[in-house]
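Residue-level structure breakdown
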Amino acid sequence: MRPRHCETESSVAVQHVSLSVVCYQNDPTQIAHLLSSVTASQLKISLHVIDNSPQDALAAVARKFGASYVHLPHNPGFGTAHNIAIRQALADGMEYHLVLNPDISFGPNVIPTLLDYMNKHQDIGLLMPNVYYPDGQQQYLCKLLPNPTDLLIRRFFPTLYRYSGRRAWYELHQSGYNKIMDVPALSGCFMLMRTAVLRETGAFDERFFMYLEDVDLSRRIGRVARTVYFPDVSVIHEHGKGSYKNWKLLFQHMRSAILYFNKWGWFSDPEKEAINRAALQKVQSSNNANK
């Protein structure tokens, strides 16, 4: 089925944009809410629902919104499923591709504003808006590139990690989350990417079943383009933190961490140190300028 296109007179309507959401046993109402947020933007967007669930219960929702629907009951993982839509975006000559989590919602101005900003800043390869919990609390999703010790303590000793100050350092709390900034690692819950950059870097590394594939892709994009946090618009993210509740997801999280550090280096990673140092320096310079 051909994806439905929503027309607009906005200046960003001339952009070729596609979007993918990967689902696993999600409530159809949740997916309908997400797709309603997208179509309310009144932009020309190709919608892709990739369903890793055992049953195809989401097919009807996808049809209702004119989205293409791909059912993958063998569940190949988050990145592998998104790559199906990303490859289609590249084949169709899309200029931008947006990766979304199923538990995201937002107002009609979010996607147009982000596209407009990217269109005006051609050096940006990846853009993420501000993200809040449903109760209005800030989600701290701007991160430095990780090291094994931080991930281990953060996962198994969260209280110690928080009170040590390492969590605030790692999540760039000192930035205030109130200004545009270059960030080494952005969350996979909302990733607006320039496809010209993806042609150069490749899409998600399919060795990652779930977790850290967003950090890996952010890092690869950051080698050739800017990866930017844009707080002028915001979205709501339920963010269930599944690996803190489910031992199978915890296993996948640990497996992904091992894959990540095998790929980029465990305790010797000069590139990571340089990237993190530069990010922290920019935050500090920005804070000093605003005093």
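Located above this text is the structure these notes cover.
So, how was this worked out
- Residues numbered from 1 in each chain as written.
- Predicted model: local features only at pLDDT ≥ 70, side-chain atom pairs only at ≥ 80, totals over all residues.
- Heavy atoms only, no water.
- Core = buried A, V, L, I, M, F, W, Y, C linked by side-chain atoms within 4.5 Å.
- Buried < 20%, exposed > 50% of the residue type's maximum accessible area, 1.4 Å probe, protein only.
- Helix = DSSP H or I, 4+ residues; strand = E, 2+ residues; numbered from the N terminus.
- Contact = heavy atoms within 4.5 Å.
- Phe/Tyr/Trp six-rings, centres within 6.5 Å; stacked < 30°, edge-to-face > 60°.
- Salt bridge = Lys/Arg side-chain N within 4 Å of Asp/Glu carboxyl O.
- Patch = residues over 30% accessible without salt bridge, like charges linked within 9 Å, V, L, I, M, F, W, Y side chains within 5 Å.
- Areas by Shrake-Rupley, 256 points an atom, 1.4 Å probe, with all protein chains shown as cover.
- Axes fitted to C-alpha atoms, helices over the stretch in contact; angles between N-to-C directions.
- Parallel < 35°, antiparallel > 145°, perpendicular 65-115°, else oblique.
- Nonpolar A, V, L, I, M, F, W, Y, C, P; charged D, E, K, R; others polar.
- Arc of directions from axis to C-beta.
- Polar contact = N/O pair within 3.5 Å; in protein donor to acceptor, adjacent residues only side chain to side chain.
- Disulfide = S-S within 2.5 Å.

Below, the discussion takes up the nonpolar core. In summary, soluble globular proteins display a tendency toward joint burial of nonpolar side chains. Within the largest apolar cluster, 74 residues are counted, with the highest numbers of intra-cluster contacts made by Leu100, Phe106, Ile111, Leu127, Cys142, Phe190 and Met193. Sorting elements by how many residues they give to this core places helix H4 (residues 110-120) first, with six residues. Beyond its immediate chain neighbours, meaning those up to four positions away, methionine 193 contacts Ile86, Glu95, Tyr96, His97, Val99, Met118, Gly125, Leu126, Leu198, Leu217 and Ile221.

Moving on to the packing of aromatic side chains. Taken as a whole and judged by the stated rule, the model has eight aromatic pairs. Between the aromatic rings of tyrosine 117 and phenylalanine 230, the centroid separation amounts to 4.5 Å while the plane-to-plane angle is 40°, which identifies the pairing as tilted. Remark: phenylalanine 230 occurs in strand S9 (residues 226-237) and tyrosine 117 occurs in helix H4; sequence separation between them is 113 residues. Residue tyrosine 117 is classed as buried on the basis of its relative accessible area of 15%. For phenylalanine 230, a relative accessible area of 4% corresponds to the buried category. On the numbers, 5.3 Å between centres and 40° between planes, the contact of phenylalanine 261 with tryptophan 266 is tilted. Residue phenylalanine 261 is classed as buried on the basis of its relative accessible area of 3%. One aromatic cluster in this structure is built from Tyr260, Phe261, Trp264 and Trp266.

Okay, the pattern of salt bridges next. Going through the model one piece at a time under the given rule, you end up with 14 salt bridges. The residue aspartate 123 makes a salt bridge to arginine 226 at a minimum N-O spacing of 3.4 Å. Highlighted residues: aspartate 123 in the loop between H4 and strand S6 (124-132) and arginine 226 in strand S9, separated in sequence by 103 residues. By relative accessible area, which is 40% here, aspartate 123 ends up partly exposed. A salt bridge links aspartate 205 to lysine 263; the shortest N-O distance between them is 2.9 Å. Taken together, the residues aspartate 205 in the loop between helix H8 (195-201) and helix H9 (213-222) and lysine 263 in helix H10 (residues 247-264) connect sequence positions 58 residues apart. According to the relative accessible area criterion, aspartate 205 is buried, its value standing at 11%. Linked through salt bridges whose partners overlap, the residues forming this network are Asp205, Arg207, Asp216, Arg220 and Lys263.

With that settled, the discussion passes to a nonpolar patch on the surface. Taken together, Leu152, Phe156, Phe157, Leu160 and Met254 make up a surface patch of nonpolar side chains, about 470 Å² in accessible area. Inspection of the secondary structure assignment puts leucine 160 in helix H6 (residues 158-163). The class of leucine 160 is exposed, set by a relative accessible area of 53%.

Right, let's talk about the packing of H9 against H10 for a bit. One can describe the packing of H9 onto H10 by two numbers: an axis separation of 10 Å at closest approach and a directional angle of 25°. In terms of orientation, H9 lies roughly parallel with respect to H10. For the pair formed by H9 and H10, the contact residues are Val215, Asp216, Arg219 and Arg220 on the first element and Tyr260, Lys263 and Trp264 on the second. Per-class residue counts for the contact of H9 with H10 are three nonpolar, no polar and four charged.

What follows concerns helix H5 (residues 148-156). Among the residues of H5, Pro148, Asp150, Leu151 and Arg155 are the ones counted as buried. Taken around the axis of H5, the buried residues stretch over an arc of 165°, which confines them to a single face. The secondary structure elements touched by the buried residues of H5 are H6, helix H7 (166-170) and H10. Taking the backbone nitrogen of threonine 149 as reference, a side-chain oxygen 3.1 Å away marks asparagine 147 as the first, capping residue of H5.

The next thing to look at is the environment of histidine 121. You can see histidine 121 is positioned in the loop between H4 and S6. Expressed as a C-alpha distance, the spacing of histidine 121 and valine 215, which sit 94 residues apart in the sequence, is 22 Å. In this structure the side chain of histidine 121 is engaged in a polar contact, spanning 2.9 Å, whose partner is the backbone oxygen of tyrosine 117.

This brings us to the state of the cysteines. Chemically, a disulfide is nothing more than a covalent bond linking the sulfur atoms of two cysteines. A full pass over the atoms with the stated rule returns zero disulfides. Residue cysteine 142 stays outside any disulfide, its sulfur separated by 10 Å from that of cysteine 189, the closest cysteine. Take cysteine 142: its relative accessible area is 0%, and that puts it in the buried class.

On their own, these measurements won't tell you what the molecule is for.
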